[in-house]
Amino acid sequence: FRLPRSATIGSGAPVAIAVPDTSIRGTLVYRRYRSHDEWTAVPMRWERGILVAELPEQPPAGKVMYVVRLARNDQEISLTKEPVVLRFKGHVPIGVLLPHILLITLAMFFSNRAGLEAIGKGGKPRPFMLVTIVLFLAGGFVLGPIVQELAFGAFWTGFPFGHDLTDNKTLLAMVGWLVAWWVTGGGRRRRGWVVAAAVLMMAVYLIPHSLLGSELDYTAMAGVGDR
């Protein structure tokens, strides 16, 4: 089975489990994440060999935590040990999302190349550093905020406005490359700074995307997204 962790606003989020045995009953139990809601249990319905129920739609960045329970006779199991958290997001057109991903990926490629040039004897990292900075600026600080605004209704939720780890790690990587560019300017051969910036970029990319990302705190926003 596969339990969804993301859904686009416009309708509820369906949760579907393929179960060959029609004697099995399913229940979808959920509540809004970071809320004082009581748990709501919804019986799952049969649709051509699949048990289906829907999580209620939430505003962009709203999250719902849920558990799927299956029962037969007097036996009942939960499909997961802990509740699954699903986040709702706005629609991001492919014409915006694809260039964002492409530029961010190319920035990583040229970052690695700049680092290798700095390590190699006689290498010339500066051109690759410049391409890295331009690509990362366009992908992470122009298209990135546009994607975030379309998906979650905010251009920037990192420092100094919030703790969004995706925004903060993007900022950290850019600062690393700007420092390396400044330190190595004027023909100064301080290649260790270039290698450090490339390693920092790699470390940033290893952090899972959307970790500590945008989310609504229902305890501070009474009435938002009420069922």
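All of the points below concern the structure found in this document. (Residues numbered from 1 in each chain as written. Predicted model: local features only at pLDDT ≥ 70, side-chain atom pairs only at ≥ 80, totals over all residues. Heavy atoms only, no water.)

What about helix 4 (residues 191–206)?
Under the 1.5 Å per step criterion, the end-to-end length of helix 4 is 23 Å for 16 residues, consistent within 8% with the ideal 22 Å. Taken together, the buried positions of helix 4 are R191, V194, A197, A198, M201 and V204. For helix 4, the angular spread of the buried residues around the axis is 145 degrees, confining them to a single face. Counted as exposed and oriented over 90 degrees from the buried face of helix 4: G192, V199 and L206. The elements touched by buried residues of helix 4 are helix 1 (94–119), helix 2 (126–152) and helix 3 (165–183). (Helix = DSSP H or I, 4+ residues; strand = E, 2+ residues; numbered from the N terminus. Expected span 1.5 Å × (residues − 1). Buried < 20%, exposed > 50% of the residue type's maximum accessible area, 1.4 Å probe, protein only. Arc of directions from axis to C-beta. Contact = heavy atoms within 4.5 Å.)

What to know about helix 3
For helix 3, built from 19 residues, the straight-helix expectation of 27 Å at 1.5 Å per residue is met to within 8% by its first-to-last C-alpha distance of 27 Å. Those residues of helix 3 lying buried are T166, D167, K169, T170, A173, M174, G176, W177, A180 and V183. Where helix 3 is buried, its residues meet helix 1, helix 2 and helix 4.

Things to note about the packing of aromatic side chains
This structure, assessed with the given rule, holds 5 aromatic pairs. Members of the aromatic cluster, connected to one another through ring pairs, are F136, F141, W156 and Y205. Across the ring face of W181, the terminal group of R126 is positioned such that the distance to the ring centre comes to 3.5 Å. (Phe/Tyr/Trp six-rings, centres within 6.5 Å; stacked < 30°, edge-to-face > 60°. Lys NZ or Arg CZ within 6 Å of the ring centre and 35° of its normal.)

Focus: the pairing of strand 7 (residues 63–72)
The element strand 7 is largely enclosed, with a buried count of 8 among its 10 residues. In this sheet, strand 7 lies alongside strand 3 (residues 25–32) in antiparallel orientation, the contact comprising 8 bridges. By the bridge assignment for strand 7, G26 is matched with L70. Strand direction decides the pairing type here: strand 7 and strand 9 (residues 84–89), joined by 4 bridges, are antiparallel. For K63, the partnering residue across the bridge sits in strand 9 and is R87. For strand 7 and strand 8 (residues 75–78), the ladder comprises 4 bridges, and the chain directions are antiparallel. When the bridges of strand 8 are listed, L70 appears paired with I77. Here strand 7 folds back onto strand 8 in antiparallel fashion, the turn holding 2 residues, of which N73 has a positive phi close to 60 degrees. (Pairing = 2+ DSSP bridges.)

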